[in-house]
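Structural features, examined
Residues per chain, in single letters:
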Amino acid sequence: MKKVLISLLILLHTGIVFGETTITMWSRWSSDPHLSNAQRLFEAFEKENPGIKVKHVSYDGNQYLNLLPNVLTSRNPPDILTMNGGGDAFKYIEPGLIEPVNDVYDAIKENVIPGLEATLVYEGKAYGVPFSNYVGNIIWFNKEMLKTEGIDPNIQTWDQFLSALEHFKKQGKAPISFGAKEGWTGNHWVNHIMHRNLKLEEYISVSLRTLDKSVKTKVTWEDPRISDAWNAYRELYEKGYFTSAAISEDFNTARDAFLQGKTPFFQTGSWVIADIYDRAYNKDHFDFIIFPKINGGTEQNEVVISSQVISIPKNSSNKEAAKKLMAFFSSETANRIWAEGGNTVPYQFDTTHWKIDNHILQKMVKTLSKASTATPFLDILEDANCNREWFWEPSIGILTGAISAERIGQGHERCNVRVISRKKWNKTGSVIQ
Amino acid sequence: MIKNAISLTSPIQRNGSTLAGFINKRIAWFLLAPSFLFFTVFWFVPTVASFGISFYYWNGVDFAEAEWVGLENYLYMLEDFNFSGVFFNTFYVTFIAMVILPPLSLILAIVVDSGIKANSFFTAIFFLPTVLSMIVVGYLFTLILSPTYGFSDAVMGLLGLDHLIQYDWLGHKSTAMNSIIAVYIWKSFGFYVLLYIAGLKNVPREQVEAAKIDGASTLQTIWHVVIPHLREITYVVLILVFTNTFLLFDMIIVMTEGGPFYATDVMGTYMYQQAFSGGKTEMGYASSIAIVMLIINLSFVGLLSKFRQRT
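Thresholds applied
- Residues numbered from 1 in each chain as written.
- Chains lettered and ligands numbered in written order.
- Predicted model: local features only at pLDDT ≥ 70, side-chain atom pairs only at ≥ 80, totals over all residues.
- Heavy atoms only, no water.
- Contact = heavy atoms within 4.5 Å.
- Buried area = accessible area lost by both parts, 1.4 Å probe.
- Salt bridge = Lys/Arg side-chain N within 4 Å of Asp/Glu carboxyl O.
- Polar contact = N/O pair within 3.5 Å; in protein donor to acceptor, adjacent residues only side chain to side chain.
- Helix = DSSP H or I, 4+ residues; strand = E, 2+ residues; numbered from the N terminus.
- Nonpolar A, V, L, I, M, F, W, Y, C, P; charged D, E, K, R; others polar.
- Expected span 1.5 Å × (residues − 1).
- Buried < 20%, exposed > 50% of the residue type's maximum accessible area, 1.4 Å probe, protein only.
- Core = buried A, V, L, I, M, F, W, Y, C linked by side-chain atoms within 4.5 Å.
- Phe/Tyr/Trp six-rings, centres within 6.5 Å; stacked < 30°, edge-to-face > 60°.
- 1 Å grid on protein atoms, 1.4 Å probe; cavity = no way out; pocket = protein on both sides within 12 Å on 5 of 7 lines; lining within 4 Å.
- Points joined across faces, edges and corners; volume = space filled by probe spheres on them.
- Pairing = 2+ DSSP bridges.
- Axes fitted to C-alpha atoms, helices over the stretch in contact; angles between N-to-C directions.
- Parallel < 35°, antiparallel > 145°, perpendicular 65-115°, else oblique.
- Left-handed = near helix turned anticlockwise from the far one by under 90°.

With that out of the way, let us pick up the interface of chain A and chain B. The interface of chain A with chain B comprises 31 residues on the first partner and 37 residues on the second. Summing both sides of the interface, chain A and chain B together bury roughly 3000 Å²; the carbon and sulfur share of this comes to 49%. When the buried surface of chain A facing chain B is broken down by residue, Lys181(A), Asn385(A) and Arg422(A) rank first, second and third, together holding 22% of it. One salt bridge connects Arg422(A) with Glu282(B), and the closest N-O pair in it is separated by 4.0 Å. For the pair chain A and chain B, the interface holds seven residue pairs in polar contact (both at pLDDT 80 or more). Of all the secondary-structure elements, those providing two or more residues to the side of chain A that touches chain B are α3 (61-73), α4 (87-93), α17 (384-392), α18 (394-400) and α19 (405-422) of chain A. Residue contributions to the side of chain A that touches chain B peak at five residues, all from α17(A). The residue makeup of the side of chain A that touches chain B, split by class, is 13 nonpolar, seven polar and 11 charged.

Here it is as structure tokens:
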């Protein structure tokens, strides 16, 4: 009798008696506000799906990235997880470690901001849904400093931007806070200029061809418009628009100089919003514009973003329940919880009634919901080895004069061809035109 | 007679030594086991694995997907334009450290050991940077050399070097590596001073006194009496300076991350970047660099041992 009672208690506890399923989700939401927002999401999901419980396992960023190869090749991976979209996800998709989920994606894709499919569609199949993102091509400015100098903050074109920079420089003030030390910050500048110089399909195809053999390109890295992007970035440095220690200082130092009111402009993504609230001398003095338009390429309402994807490992033991959670992540309920918790989201919902306290975030979410396209950063779209070597590193080298825009283009193209030939895609004859 | 004595006692000794030897051997193996296990798991196995991986193209995900490329990773080192600079940087840093650290440490050790007042104080001052971690020292000097925070500006102002105020020491390829070397030498020399002080304690005082009585100058005494007694400690210092500098990593990562544009990258940092940094996953190439580093390091130690045996 005692044994029966104990067995019954165990069954009740595990939910087997009521047909309850527990799915395990892995994420990088290991600290607040992400962790508590995730908890809110799972509670909302469990309320909508009474038969499914979510066990959330989270790790710090780098630890998480190091664990992924092992857990995805194991026999018992989590049922569902978050990953960086694009190249980071494709390296697991390529060897068949991720489940295709066209059925889920097709049902929600009309809400996804156009352009984002590049982060999760591989050789025509969808391997996840986007969730949570950051907008990258933003120029932050100090409203008070611009007002004092009588500069209109509604900057729309590159020329208007340059003339504002020149104005500050003439006042003896370095206009842009910049720290190139880590490489990614300079890489972002060139990324955004190039995004404005090229047509969207050119921007995507020139890089994505190294990850997806079904992608064809008409431009190469030696295209003069790409060299122009490198040279425009170099000119910002040579004309003295960046702070004096731009090459040796890091992102945090540059960010703090901007938030302390030492410079009027700063380029980085929407991840800095929390810092404006936490570290700025006055959060109400800061505002942003989307990267200005440069003739010939994308428009100002086209944004560059980074996006996480929610995917299901091939060896997941609860795929159907995991798909329900995946669909939930694409819902307005989930994205509203996430945005109201302090994040931007990769879907176009009507955000009018969303209660977002942070005034900058509110504007950002609104801007994103009206963006005509949202395209990933190049380092998400391209083979990481080539991108690191020929986009990150040269973003410092071109400033020191160690390498020219033309040399970068040649090396970058050669690296792409090498990667593609190593993958033996040339045999299909479908990659390079 | 002696022969007989040995033959008489040897069976008993042999029996005794066999038993004692057996027990001693067991104890020795027991005591060595943890170190042996540690060495096998954390050095030998990874080294053999790295050697194997260096013949593959592998992105670090599923080794079943890795592609055998033979010597391609090693040959690519010759083609890799950046690697030649990195190779040069590694030997440049090591050469400068080898030229400066041992003689500087020896001179300071002799000065401290010569009976000057407050020698304990100087020993402590020299040794202090050694107990700080490379990360802390690297970060500290990043701030000191930063034109934004201006500590170096204050020093340059005091020295009347106004043209160097607001100079970006770590941002120019001409000064970045030398700045790192200067900080590295400042951080490391105290340890070698301490080694030499320990070595000086073993120099027979009577020989030094005898040299003085015979009319030898201080320099002659140091050259002909003291330094010959420091041969063994110098051998240790040379090996430590070479291996520690050749494997320099953390200070560079903190101060410049190998930049600007590979100007301060050494083989250790470059290897790390190939495998783990910024999304790069060239595991095979990184492993081949690790193997080349191992070969160079072992070769130097081997050469030095040979030289030591000859002298």
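Further notes follow.
This brings us to helix α10 (residues 231-246) of chain B. All names here are of chain B. Given a rise of 1.5 Å per residue, 16 residues ought to cover 22 Å, and the 22 Å separating the end C-alpha atoms of α10 matches this to within 8%. When we look at burial in α10, the residues that qualify are Tyr235, Val237, Ile239, Val241, Phe242, Thr243, Thr245 and Phe246. Where the residues of α10 are buried, they touch α3 (81-113), α7 (173-200), α12 (267-276) and α13 (283-310).

Moving on to the environment of Asp80(B). Within the element layout of this structure, Asp80(B) appears in the loop between α2 (72-79) and α3. A relative accessible area of 4% places Asp80(B) in the buried class. Dropping the residues within four chain positions of it, Asp80(B) is found in contact with Glu389(A), Tyr270(B) and Tyr285(B). Polar side-chain contacts of Asp80(B) include one of 2.5 Å to the side chain of Tyr270(B).

Turning next to the nonpolar core. One finds Trp140(A), Trp189(A), Met194(A), Tyr233(A), Phe265(A) and Leu325(A) to be the most contacted residues of the largest nonpolar core, which totals 208 residues. The biggest single contributor to this core is α7(B), with 13 residues. Trp189(A) has contacts with Ile139(A), Trp158(A), Phe161(A), Ile176(A), Phe178(A), Tyr233(A), Leu236(A), Phe242(A), Gln267(A) and Phe291(A), leaving out every residue within four places of it along the chain. Core analysis: the second largest hydrophobic core is formed by six residues, Ile53(B), Trp58(B), Ala275(B) and Ala286(B) among them.

A few words on the packing of aromatic side chains. What describes a pair of aromatic rings is the distance from one ring centre to the other and the angle between the planes of the rings. Residues and elements named next belong to chain B. Within the structure shown, the criterion is met by 60 aromatic pairs over all chains. Arranged with centres 5.8 Å apart and planes meeting at 45 degrees, the rings of Tyr272 and Phe276 form a pair that is tilted. Here Tyr272 and its partner Phe276 are both found in helix α12, four residues apart, which amounts to about one turn of the helix. The exposure class assigned to Tyr272 is partly exposed, which follows from its relative accessible area of 34%.

Residue and element names in this part refer to chain B. Reported here for the second largest pocket is a volume of approximately 580 Å³. Around the second largest pocket, the lining comprises 22 residues; the ones closest to its centre are Pro46, Thr47, Ser50, Met271 and Ala290. Looking at the lining of the second largest pocket, the elements with two or more residues in it are α1 (2-53), α12 and α13. With nine residues, α13 is the largest single contributor of residues to the lining of the second largest pocket. Per-class residue counts for the lining of the second largest pocket are 18 nonpolar, four polar and no charged.

Cis geometry is found at the peptide bond from Asp32(A) to Pro33(A), where omega equals 10 degrees. The residue Pro33(A) is located in the loop between β1 (21-27) and α2 (34-48) in this model. The omega torsion across Gly259(B) and Pro260(B) is 0 degrees, close enough to zero to call that bond cis. Turning to its location among the elements, Pro260(B) is positioned in the loop between α11 (250-255) and α12. The backbone phi angle of Ser132(A) is positive, close to 60 degrees, even though this residue is not glycine.

Moving on to the pairing of strand β12 (residues 373-376) of chain A. All names here are of chain A. What you see with β12 is no split at all: Thr373 and Thr375 on one side and Ala374 and Pro376 on the other are buried throughout. Summarising the sheet, strand β11 (residues 302-311) and β12 pair through four bridges and their orientation is parallel. By the bridge assignment for β12, Ile305 is matched with Pro376.

Turning to the packing of helix α8 (residues 184-197) of chain A against helix α9 (residues 200-208) of chain A, a few remarks are in order. Residues and elements named next belong to chain A. Where α8 contacts α9, the axes come no closer than 7 Å and their chain directions differ by 130 degrees. Here α8 is positioned oblique relative to α9, judged by the angle of their axes. Here Asn191, Met194 and His195 of α8 lie close against α9, whose contacting residues are Leu200, Tyr203 and Val206.

Looking now at helix α11 (residues 251-259) of chain A. Residue and element names in this part refer to chain A. Most of α11 is tucked away, with eight of its nine residues classed as buried. All buried positions along α11 are accounted for by Phe251, Thr253, Ala254, Arg255, Asp256, Ala257, Phe258 and Leu259. Buried residues along α11 sit in contact with β7 (138-142), β8 (176-177), α8, β9 (265-267), α12 (273-279) and β10 (286-290). After α11 finishes, the residue Gly261 shows a positive phi value of roughly 80 degrees.

A few words now on the sheet that holds β9(A). Residue and element names in this part refer to chain A. The strand order β8-β9-β7-β10 describes an open sheet built from four strands, whose pairing is mixed. Where the open sheet ends on each side, the last strands, each with one partner, are β8 and β10. Where β8 meets β9, two bridges bridge the pair, whose relative direction is parallel. When the sheet's bridge partners are listed, Ile176 is paired in β9 with Phe265. This element, helix α15 (residues 359-369), spans β7 and β10 of the sheet and lies at about 10 degrees to β10.

In this structure, Glu144(A) sits in helix α6 (residues 143-148). Residues Glu144(A) and Pro33(A), spaced 111 residues apart in sequence, show a C-alpha to C-alpha distance of 30 Å.

This part covers the packing of α7(B) against α10(B). Residue and element names in this part refer to chain B. Look at α7 against α10: their axes get within 10 Å of each other, and the N-to-C directions meet at 160 degrees. When the axis of α7 is compared with that of α10, the two are roughly antiparallel. The two elements α7 and α10 cross, and the hand of that crossing is right-handed. For the pair α7 and α10, contact is made by Tyr184, Phe191, Tyr192, Leu195 and Tyr196 and by Ile233, Thr234, Val237, Leu240, Val241, Asn244 and Thr245, respectively.

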